[in-house]
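Letter by letter, the chains look like this.
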Amino acid sequence: MVSRPRLVIIGAGIVGCALADELTGRGWTDVTVVEQGPLFAAGGSSSHAPGLVFQTNPSKTMTEFATYTVNKYSGLSLDGQWCFKQVGGLEVATTQERVADLRRRQGWAEAWGVHGEVISPERCLELWPLLDPARVLGGYFVPTDGLANALRCGEAQARRAIERGARFLAHHTVVGIEQQGGRVTGVAVEVGPEYRVIPADVVVSAAGFWGPSIGAMAGVSVPLLPLAHQYARSEALAVLAGNPEAVRPILRHQDKDLYFREHGDQIGVGSYAHRPMPVRQDEIGPNGTTMPSVQAFTDTDFEPAWQDAVDLLPALKESAYTDGINGIFSFTPDGFPLIGEAPQLDGFWLAEAVWVTHSAGVAKALAEVLVDGRSSFDLHECELNRFEPVHLAPAFIEERGKQNFIEVYDIIHPLQPMDSPRPMRTSPFYLRQQELGAYFLEGAGWERPHWFTANAQLPEDPVRPAQPDQAPPHTAAPTLPAQPAPTLSGPASPRLPGQADSAVSAPADPAPGHADPEAFRRGELASSGLGGVRERDAWAARYWSPIAAAESYYTREQVALYDMTPLKRIEVSGAGAAGFLQRMTTNHVDKKPGSVTYTLLLDAGGGVRSDLTVARLAEDRFQVGANGNLDLDWLQRHAPGDVHVRDITPGTCCVGVWGPRARELVQPLTDLDMSHEGFRYFTCKQGYVGQVPVIAMRVSYVGELGWELYTSADLGLKLWDTLWATGLPIAGGRAAFNSLRLEKGYRLWGVDMTPEHNPYEAGLAFAVREDKDFLGRDALSKEITRKLVPLLTAEVVMGKEPVRHGGATVGYTTSAAYGHTIGRPIAYVWLPIDLTAPGTAVEVAYFGRPIPAEVAAEPLFDAKMEKIRR
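Residues numbered from 1 in each chain as written. Predicted model: local features only at pLDDT ≥ 70, side-chain atom pairs only at ≥ 80, totals over all residues. Heavy atoms only, no water.

Colleague: Go over the side chain of Asp378, please, and point to the residues and values.
Modeller: You can see Asp378 is positioned in the loop between helix H9 (359–372) and helix H10 (394–406). For Asp378, which is buried and forms no salt bridge, the nearest opposite charge comes from Lys60, at a distance of 7.2 Å. A polar contact is formed between the side chain of Asp378 and the side chain of His380, at a distance of 2.9 Å. In contact with Asp378, other than residues within four places in its own chain, are Thr61, Thr754, Pro755 and Glu756. (Helix = DSSP H or I, 4+ residues; strand = E, 2+ residues; numbered from the N terminus. Buried < 20%, exposed > 50% of the residue type's maximum accessible area, 1.4 Å probe, protein only. Lys, Arg positive; Asp, Glu negative; His and termini not counted. Salt bridge = Lys/Arg side-chain N within 4 Å of Asp/Glu carboxyl O. Polar contact = N/O pair within 3.5 Å; in protein donor to acceptor, adjacent residues only side chain to side chain. Contact = heavy atoms within 4.5 Å.)

Next up, the structure:
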């Protein structure tokens, strides 16, 4: 690609304008923006957007997008008019559940660097005097939130881009994406009766809800669902007579799916409380209104929301709503934007499903990727190619998009899965897992058992192993419901910290949620013998069961089977496979067949794109254990002609056999020598288990002796049954698995580390070989200012909480669980390097409460690796 390519942006809404500004500001001035409508009220979502910008989000990246947007738009003006009005943002609670959730939201903001505070009902009334004081129980206020005038922000950025050389072309309707040899070459447009092609080296679709139509022209699936969303204004209110356009904070009433803003002496009311109203591409148009992005208003959908608005703001009672619209905007299956280059067509990029809140941040991120090759933001949640093929089915996109609309203001637990469509992807072991009473959650479309009710009678005492000649107590378990109700405030419980929960029967002293800091520092808060119940409040007990403790203990003392089928498996083959992987990853993988290597993928800036387990099966064939579809896309994009990269996950399966009796279980069933001398750690062999051909890898993600056994999907059930028939193992779930891996300090990419971290910060220096060349090597630095370390906490936390030291916020948590073997809650945390010494005392702010914690040396279990290497 030339240094300053010809670039065409499709769409002159706020995203297209922001991107043109960001690109031209970086020296890419050959930018053409084509728009089918007029400039700049072009008829897309930007034309009707009410402009509320709330920064707080559970995603660090989305919060950072919003913060950049606030900062940038605060510095803009258009012909003396404001572009962003920093009136602040207020979220009110009318239930105790919401009060608790506002504390959680304040924690996210604090963790991501945004100042916000949970405030009293009285303070809420000072900020919004029209609130009904009898309904408001508290609020959350962010002074830097505010209102963006989307049209002014767009035009102000467009003018700057034009001054640098960009062109904006109105009334140019895109009718085709020209391509040759798998690469984009131009954009075909119609201007009235005229047809012409605008040459382009790079094309970016920022077409908003028209994105799927533009994508179809390029042969690219755009997983985006346009949905109509209701917005109306009150009539003029006497109490607001003489009011400027907006002086009070933007307001959310999430308990009723409502938001509000001032329009002078009127109040705008937006509602998510109505039914989802998807809009097909062929339904987008005027439809009796004045612009394509607006559908006819449906009063029957809005009337209940108006009544809820009146209940919160009684002054509305003397008014009626007017100027109602059903305005179209975009939802994706997971609620994140679509950013990145299409895998099917080089040079064709997307910046879609972006709301005004995140518009400037997304534009900056994409401009950085185009110009510099990487972004200063962590984009893994937003990259276009994160989706598996199953996620691109139109029916899936619609169902998940509608559900995201419904849940947009709901209180969502971090483990809470979508209810439908499920099940989508199941391993060959699914039937047996159902028979054992598996409680399933979902990840990447896979049904993943988190615990098994058949294990409920296992002893929790880790020093009480079953007799060798006895089967585990659940072996003959009857068939149970596929999705049993979890114990101890499981998914049905709406309670959050600070609320009564009679379902949790733990010792009362110290009470859950009120650990004694001094007792913690004296080391007196050890295991309660209840699998962490004592240290777990009602919120942390959701989607969890104490059965996980029994499964953890059994894995440490006996042997368990773990379904590892959802792990992405990639085959890399061909004459150049070894050299390719050697260049792409940080560790030495060009070893003899039978070797297994833990290694990393880095981006051009040295950030950790992923961690991999690379097994060399033959001179020209490798099996790569990866984290997801982004790894497949990354390897395929970089692979030379003599290397073939393909996803083998759908046709294969894997079971982890882990525990001190793993060798005793597997050896009688196989023709392989499973002795320590005959089958060393981090090696692999091909052989048979019973009648099933397998690839056996001696690796462990739980810190115990064992193997991952891979076979084809058609033989998976036979493999499970062969292992199970010995009577030795239990089935272990993800809850136990997560606890075990944290005790060993094993990182989870995308949670513990992302592309914003380098290997030295993440504690992965052992996977970096400086005596070889690899992608990202030149950008690496050992001079680090922060580090990922484990904390021992007084209570179980959930991750994404702020961490404080000396009254200041100094970091945030990532993974968290109860360590059943060590008898302590664990949380990994990013801290400044001078606070990472073991024994350093810090506090984790959990729903606003300070939880005592201290930095610990890692690993927390089996530091000498004696159990895993025996």
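Colleague: Can you tell me about the pattern of salt bridges, naming the residues and giving the values?
Modeller: All chains considered together, the criterion is met by 51 salt bridges. Note that Glu704 and Arg556 form a salt bridge whose closest N and O atoms lie 3.1 Å from each other. Taken as a pair, Glu704 in the loop between strand S34 (692–697) and strand S35 (706–712) and Arg556 in helix H13 (residues 547–557) lie far apart in primary sequence, 148 residues in all. Overall, Glu704 belongs to the buried group, its relative accessible area being 0%.

Colleague: Hey, could you go over the packing of helix H1 (residues 14–25) against H9 for me, with residue numbers and the actual values?
Modeller: Contact geometry for H1 and H9: axes closest at 8 Å, N-to-C directions at 45 degrees. The orientation of H1 relative to H9 falls into the category oblique. Helix-helix and strand crossings are classified by hand; for H1 and H9 the assignment is right-handed. Residues Ile14, Val15, Ala18, Leu19, Glu22 and Leu23 of H1 form the contact with H9, whose participating residues are Ser359, Ala360, Ala363, Lys364, Leu366, Ala367, Leu370 and Val371. (Axes fitted to C-alpha atoms, helices over the stretch in contact; angles between N-to-C directions. Parallel < 35°, antiparallel > 145°, perpendicular 65-115°, else oblique. Left-handed = near helix turned anticlockwise from the far one by under 90°.)

Colleague: Describe unusual backbone geometry, and please don't skip the residues or the numbers.
Modeller: For residues that are not glycine, phi is negative in most cases, and the peptide bond is trans in most cases. Leu39 connects to Phe40 through a cis peptide bond whose omega is 5 degrees. By secondary structure assignment, the location of Phe40 is in the loop between strand S2 (31–34) and helix H2 (45–48). In this chain, Glu858 is followed by Pro859 through a cis amide linkage whose omega measures 0 degrees. Tracing the sequence through the fold places Pro859 in the segment after strand S42 (849–855). Phi at Asp257 takes a positive value of approximately 60 degrees, unusual for a residue other than glycine. Here Asp257 lies in the loop between strand S17 (250–253) and strand S18 (258–263).

Colleague: I'd love a proper account of the sheet that holds strand S28 (residues 596–602), names of residues and values included.
Modeller: Strand pairing in a sheet takes place through backbone hydrogen bonds and is either antiparallel or parallel in direction. With respect to topology, five strands assemble into an open sheet ordered S28-S29-S30-S27-S31, the strand pairing being antiparallel. Both outer strands of the open sheet, S28 and strand S31 (644–647), are each paired with one neighbouring strand and no more. Neighbour-to-neighbour, the strand axes of this sheet turn through a mean angle of 30 degrees, independent of strand direction. Judged from the seven bridges that link them, S28 and strand S29 (residues 608–618) form a sheet pairing that is antiparallel. Within the sheet, the bridge partner assigned to Leu602 lies in S29 and is Val608. (Pairing = 2+ DSSP bridges.)

Colleague: Break down the confidence of the model for the chain for me, with residues and values.
Modeller: The pLDDT averaged across the chain works out to 91; a share of 91% of its residues lies at or above 70. The low-confidence segment residues 462–517, where pLDDT is below 50, has 124 contacts with residues more than four positions distant or belonging to other chains. The low-confidence segment residues 519–529, where pLDDT is below 50, has 29 contacts with residues more than four positions distant or belonging to other chains. (pLDDT = per-residue confidence, 0-100.)

Colleague: Let's hear about the packing of H1 against helix H3 (residues 60–74): which residues, and what values?
Modeller: Here H1 crosses H3 at 75 degrees, and the two axes come no closer than 14 Å. With respect to H3, the element H1 is oriented roughly perpendicular. Residues Ile14, Ala18, Asp21 and Glu22 of H1 form the contact with H3, whose participating residues are Tyr68, Lys72 and Tyr73.

Colleague: Could you give an account of the side chain of Ser700, naming the residues involved and the relevant values?
Modeller: Mapped onto the elements, Ser700 comes out in the loop between S34 and S35. Looking at Ser700, the relative accessible area reads 9%, which means it is buried. A polar contact of 3.3 Å, which involves the side chain of Ser700, links it to the backbone nitrogen of Val702. Within polar-contact distance, the side chain of Ser700 engages the backbone nitrogen of Gly703 at 3.1 Å. When neighbours within four sequence positions are excluded, Ser700 is seen to be in contact with Trp658, Tyr681, Tyr746 and Ile868.

Colleague: Could you give an account of the sheet that holds strand S13 (residues 183–191), with specific residues and numbers?
Modeller: What the three strands build is an open sheet, ordered S12-S13-S14; its pairing is antiparallel. A strand with exactly one partner marks an edge of an open sheet, and here the two such strands are strand S12 (173–180) and strand S14 (194–199). The average angle at which neighbouring strand axes cross in this sheet is 25 degrees, direction not considered. The pairing of S12 with S13 spans seven bridges and is antiparallel. By the bridge assignment for S13, Gly176 is matched with Ala188.

Colleague: Explain the packing of aromatic side chains to me, using residue names and the numbers behind them.
Modeller: What the rule picks out here adds up to 32 aromatic pairs. Aromatic side chains Tyr562 and Trp658 sit 5.8 Å apart centroid to centroid with 40 degrees between the ring planes, which places their arrangement in the tilted category. Of this pair, Tyr562 sits in strand S26 (residues 560–563) while Trp658 sits in strand S32 (residues 652–658), placing them 96 residues apart in sequence. For the pair shown, Tyr562 and Trp658 are each scored as buried. Aromatic ring contacts, followed pair by pair, group Tyr231, Tyr259, Tyr272, Phe329, Phe331, Trp355, Phe405 and Tyr409 into a single cluster. Sitting over the face of the ring of Phe54, Arg252 holds its NZ or CZ atom 4.0 Å from the ring centroid. The residue whose ring lies beneath Arg556 is Phe861, and the NZ or CZ to ring-centre distance is 3.9 Å. (Phe/Tyr/Trp six-rings, centres within 6.5 Å; stacked < 30°, edge-to-face > 60°. Lys NZ or Arg CZ within 6 Å of the ring centre and 35° of its normal.)

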